[in-house]
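Fold and contact review
Spelled out from the first residue to the last, the chains are:
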Amino acid sequence: MRTLAAALLLPLFAFGQAEWRFAHPDATLVGTIHPVALLNSPLLASAITSASPNDPSAAAMVAMAKDMLGGIKEIRFSLMDNGSPEPDVVAVIDGQFDEGMLAALGQANAKYRRLDAHTILFGNGPSLEKAAARVAQTTPVLQPRVLVGTELLAAYDMWISGRLPNLPAGLPALPGGLKIDVRGVALGLSFHENVEMELALETASAAAAEALLKTAHDAELSQPQQLRGVLRSFADGNTARFRMNLPQALAMAALRTRSAQPSASAPQPLPPPAKPRRATILIQGLDDGPREIPLH
């Protein structure tokens, strides 16, 4: 029985130790980014090729990002909301490191520590030291609660899961006057041949979840015909769930449509000047009707 229990618990401990030992025990939000997968995405390459005629700087910016991040395989981060505008963040970065990126990290408020030749621990203030101590710990460490149920998200190029900070006041209400109150989020995104997305939004009530679904589908009606129906959704109690698998051809068509639309901030052509009106005197009451006499 003990052997069976150990076999069942081992994957949980392995997931918590090998991948997330550094994370805050009470993390608010966690996530992973795979820069290599994102930067080498065929969809990104097609988008840059399509955008280049109108925005030559787009390709240069991607080339710069590849120079700095092209060797980074994975970034895992843990965020703890401390009630201030600057939450507590620690991250593990795996891969080959560009010297320019390391120099930028060294100039930031946060600091980093090399764990080995291909791994950096990044954080701010006491969090870095505490994370380093957790990494060095040899006894079993339970994974943070926020990681529960995130195993399926690991297949995406980037994902986040946890509790969002308080949203600013003044945001619009949902249909029926319901206020936006998202208690938790789980989001996975991949950009390969297709755009794949999975999103779960935990709300305050089942009614709010249904309202989110209605808002999303009302917004979908404003999209081009070929994009309607791509978003799949359903309510699971007080959680609104969305899935999308958008083929590359449709994604590129949507990008081209948006790039062809004039920007709202672009200067609009001035209307043609009105023709000058000549000054006149209008005489009423004549037998043959009103008469207009021009002034020279």
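These numbers were taken from a predicted model, which means no experiment stands behind them.

Focus: the overall build of the protein
In terms of regular secondary structure, the protein is built from 8 helices and 12 strands. Expressed as a percentage of the 296 residues in the protein, the buried residues total 33%. Sequence-distant contacts in the protein: of pairs separated by 6 or more residues, those separated by 24 or more amount to 60%. As displayed, the protein offers around 18,700 Å² of accessible surface, 61% of which is attributable to carbon and sulfur atoms.

What to know about the nonpolar core
In summary, soluble globular proteins display a tendency toward joint burial of nonpolar side chains. Counting 16 residues, the largest nonpolar core has Trp20, Phe22, Val30, Leu121, Ala131, Leu147 and Trp159 as the members making the most contacts within it. Breaking this core down by element, the ones donating at least two residues are strand E3 (88-95) and helix H6 (126-136). Per element, the largest residue contribution to this core is 3 residues, and it comes from H6. Apart from the residues lying within four places of it in its own chain, the contact partners of Val30 are Trp20, Phe77, Ser78, Val146, Leu147, Trp159, Ile160 and Ser161. Counting 15 residues, the second largest nonpolar core, distinct from the first, contains Val182, Leu201, Ala240 and Phe242.

Points about the confidence of the model for the protein
Looking at the protein, the pLDDT average stands at 76 and 69% of residues meet or exceed 70. Taken as a whole, residues 1-18 scores under 50 in pLDDT and shows 16 contacts with residues more than four places along the chain or in a different chain. Scored below 50 in pLDDT, residues 167-171 shows 2 contacts in the model against residues more than four places distant or in partner chains.

Notes on the sheet that holds strand E8 (residues 194-203)
One open sheet holds the 10 strands; their spatial order is E4-E5-E3-E2-E1-E6-E7-E8-E10-E9, and the pairing between them is antiparallel. The open sheet has two free edges, formed respectively by strand E4 (111-116) and strand E9 (232-236), since each of these has just one partner strand. Pairs of neighbouring strands in the sheet enclose a mean axial angle of 10°, with direction left out of account. Across 9 bridges, the pairing between E8 and strand E10 (residues 239-247) is antiparallel. When the sheet's bridge partners are listed, Leu199 is paired in E10 with Phe242.

Quick word on the environment of Arg241
Considering the arrangement of structural elements, one finds Arg241 in strand E10. When its relative accessible area of 30% is taken as the criterion, Arg241 is described as partly exposed. Separated by 39 residues in the primary sequence, Arg241 and Glu202 have C-alpha atoms spaced 8.7 Å apart. Those residues within four positions of Arg241 in sequence are excluded, and the remaining contacts are Leu199, Ala200, Leu213, Arg232, Ser233, Phe234 and Asp236. In this structure the side chain of Arg241 is engaged in a polar contact, spanning 3.3 Å, whose partner is the side chain of Asp236.

How each quantity is defined
- The residue count restarts for each chain, going from 1 along the sequence in the order it is written.
- Given that this is a predicted model, residues contribute local features only at a pLDDT of at least 70 and side-chain atom pairs are listed and counted only at 80 or more, while totals for whole chains, interfaces and linings are drawn from all residues.
- Side-chain measures were taken over the full set of non-hydrogen atoms in the model, leaving aside hydrogen atoms and water.
- Helical segments are the DSSP runs of H or I of at least four residues, strand segments are the runs of E of at least two, and each set is numbered from the N terminus.
- Buried means the residue's accessible area, taken with a 1.4 Å probe over protein chains only, is under 20% of the maximum for its type, while exposed means over 50%, and partly exposed covers the values in between.
- Residue contacts follow a heavy-atom distance rule, with two residues in contact if any of their heavy atoms lie within 4.5 Å.
- The accessible surface values rely on the Shrake-Rupley method and a 1.4 Å probe; as for residues, cover is taken only from the protein chains in view.
- Within this scheme, the nonpolar core is defined by two criteria: the residues are buried Ala, Val, Leu, Ile, Met, Phe, Trp, Tyr or Cys, and they are joined through side-chain atoms within 4.5 Å.
- pLDDT expresses, on a scale from 0 to 100, how confident the predictor is about each individual residue.
- Only strands joined by at least two bridges in the DSSP assignment are considered to pair.
- Every axis corresponds to a line fitted to the C-alpha atoms, with the helix fit spanning only the stretch in contact, and the corresponding angles, defined between N-to-C directions, vary from 0 to 180 degrees.
- Pairs of N or O atoms within 3.5 Å make up the polar contacts considered here, provided that, within protein, one atom can donate a hydrogen while the other can accept it, and that residues adjacent in sequence are counted only when both atoms are side-chain atoms.

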